[in-house]
Amino acid sequence: MKKNQCIVVPVDGSETSIQAMDTALELAQATGAKIIFLHAAYFDSSTDDDADSWLPEGPVTESVGDIMEDVRRVVKERLPANINAAFAERTGDPATVIAEFAAAEQAGLIVIGARGLSTVEGFLLGSVSQEVMETATCAVLIIKQKRQEEAFS
Amino acid sequence: MIKNILVPVDGSECSDRAVIEAIAMAEYCEAKLSFLYVANINQLAINAYLSDAILDAVTKAGKVILDRAMETVPTGIPKEAYSETGAPAVVIMDFVAEHNPDMIIMGSRGLGLVKGVLLGSVSQYVVEQSKCPVMVVK
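What you see is a predicted model; the values in this text were computed from it and never measured. (Residues numbered from 1 in each chain as written. Chains lettered and ligands numbered in written order. Predicted model: local features only at pLDDT ≥ 70, side-chain atom pairs only at ≥ 80, totals over all residues. Heavy atoms only, no water.)

So, the nonpolar core
Core analysis: the largest hydrophobic core is formed by 54 residues, its most contacted members being V111 of chain A together with L33 and F35 of chain B. Once residues within four sequence positions are removed from consideration, L33 of chain B is found in contact with I5, V7, A22, I23, A26, V73, I77, P78, K79 and E80 of chain B. Formed by 40 residues, the second largest nonpolar core is a distinct cluster that contains A40 and I98 of chain A together with F95 and V134 of chain B. (Core = buried A, V, L, I, M, F, W, Y, C linked by side-chain atoms within 4.5 Å. Buried < 20%, exposed > 50% of the residue type's maximum accessible area, 1.4 Å probe, protein only. Contact = heavy atoms within 4.5 Å.)

As structure tokens, this is what we get:
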């Protein structure tokens, strides 16, 4: 990763995506790189309106806006003043969207968590990080979920 | 903080790029680099079939790869080279268990036994098994 390249951090509100965020912040502080937090999902608030949602209850009904708000809040809490951060939201197949976004931004690195929330989302996210690893043209840093006992130590 | 970076190398182009990424990372984080070359030979095959001459050749090839990686590192960055024999994925994870690196940086595809296929699966295996962050370099 060169100094002027940015780091793309795909976020979904999961624990590992927060860990990915922390690692990315650490790297950005060391390198001076800009971070772009990207939320990529199949659905957004326009495809899943609260009033007439056609999607089943669960993680998929959480709109992009909610997750990005959480991300913004967490980033604000932890972001050192000297780091440049941006936020982006994209709708579509997450792995494709992430790889294309990183290519378009000429990112030097993608920092991505390897597992998400539920079984379904975990499965989906597992395959997302896998797919990103395969399709991305830049380096991909995979952050693994810490084991329970380590997470609390 | 990232203080110990493990860089498994195999002499492939992707592995060379991983070395460059790792050096940049080590500079940023003031971390130590450990290069690991795993000669993909089955120990039993060595005992049973392989002559010392072949073993020497393989070891030399590994030394060349490790030396090249070590030479790329600018002075001031702590570095070490390790050469092992066995199945790369397994040996890498054994090394990780023993040395506890904070990050692993490796190429996504190398020149393994069945070119590409096997080493593709090495990085895959390491990503799956490792508890520490793994950077896969294209």
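From this point on, the discussion continues.
Comments concerning the confidence of the model for chain A
Looking at chain A as a whole, the pLDDT averages 79, with 71% of positions reaching at least 70. A low-confidence stretch, residues 148–153 of chain A stays under pLDDT 50, and its non-local contacts, those more than four residues away or across chains, total two contacts. (pLDDT = per-residue confidence, 0-100.)

Focus on the pairing of strand 1 (residues 7–10) of chain A
Residue and element names in this part refer to chain A. Side-chain alternation along strand 1 places I7 and V9 on one buried face and V8 and P10 on a second face that is also buried. Strand direction decides the pairing type here: strand 1 and strand 2 (residues 35–41), joined by four bridges, are parallel. Looking at strand 2, one finds that V9 is bridged to F37. Handedness of the crossover joining strand 1 and strand 2 through helix 1 (residues 15–31): right-handed. (Helix = DSSP H or I, 4+ residues; strand = E, 2+ residues; numbered from the N terminus. Pairing = 2+ DSSP bridges. Right-handed = clockwise from strand over helix to strand, strands pointing away.)

Here we look at helix 3 (residues 52–72) of chain B
An α-helix turns once per 3.6 residues; consequently, residues spaced three or four apart project the same way. Residues and elements named next belong to chain B. The terminal C-alpha atoms of helix 3, which comprises 21 residues, lie 30 Å apart, in line with the 30 Å expected from a rise of 1.5 Å per residue. Among the residues of helix 3, those classed as buried are G62, I65, L66, A69 and M70. Relative to the axis of helix 3, the buried residues are bounded by an arc of 135 degrees and lie together on one face. Among the exposed residues of helix 3, those pointing more than 90 degrees away from its buried face are A53, K60, V64 and E71. Packed against the buried residues of helix 3 are strand 1 (4–9), helix 1 (13–29), strand 2 (32–39) and strand 3 (79–85). (Expected span 1.5 Å × (residues − 1). Arc of directions from axis to C-beta.)

A word on the interface of chain A and chain B
Counting residues at the interface gives 23 residues for chain A and 21 residues for chain B. Around 1,900 Å² of area is buried between chain A and chain B when both sides are counted, 56% of it from carbon and sulfur atoms. Broken down residue by residue, the surface that chain A buries against chain B is led by M1, M133 and K144 of chain A, which jointly contribute 29%. At the boundary of chain A and chain B, one finds zero salt bridges. Joining chain A to chain B, the criterion identifies eight residue pairs in polar contact (both at pLDDT 80 or more). Counting only elements with at least two residues in the side of chain A that touches chain B, the list comes to helix 1, helix 4 (119–135) and strand 5 (139–143) of chain A. (Buried area = accessible area lost by both parts, 1.4 Å probe. Salt bridge = Lys/Arg side-chain N within 4 Å of Asp/Glu carboxyl O. Polar contact = N/O pair within 3.5 Å; in protein donor to acceptor, adjacent residues only side chain to side chain.)

Here we look at the environment of M1 of chain B
For M1 of chain B, the position within the fold is in the segment before strand 1. Residue M1 of chain B is classed as exposed on the basis of its relative accessible area, which comes to 58%. Discounting chain neighbours no more than four positions away, the residues touching M1 of chain B are E26 of chain A together with C29 and D102 of chain B.

A short note on unusual backbone geometry
Look at Q106 of chain A: it is not a glycine, yet its phi comes out positive at around 50 degrees. With a phi close to 55 degrees, E30 of chain B is a non-glycine residue in the positive phi region. Tracing the backbone through its elements, the reader meets E30 of chain B in the loop between helix 1 and strand 2. On the basis of relative accessibility, which here comes to 66%, the residue E30 of chain B falls in the exposed class.

Considering the state of the cysteines
Residues and elements named next belong to chain A. Enumeration according to the criterion identifies zero disulfides over all chains in this entry. Of the cysteine sulfurs around C138, a residue in no disulfide, the closest is that of C6, at 8.5 Å. A relative accessible area of 10% places C138 in the buried class. (Disulfide = S-S within 2.5 Å.)

A few points about the pattern of salt bridges
Per the counting criterion, the structure on display carries seven salt bridges over all chains. A salt bridge links E77 of chain A to R73 of chain A, with the nearest nitrogen and oxygen atoms 3.5 Å apart. Within this pair, E77 of chain A and its partner R73 of chain A are both found in helix 2 (residues 64–78), separated by four residues, close to a single helical turn. As a salt-bridge pair, K63 of chain B and D67 of chain B come within 2.9 Å of each other at their nearest N and O atoms. Here K63 of chain B pairs with D67 of chain B, and both are found in helix 3, just four residues apart, close to one helical turn. Through salt bridges with shared partners, a single network forms among D70, R73 and E77 of chain A.

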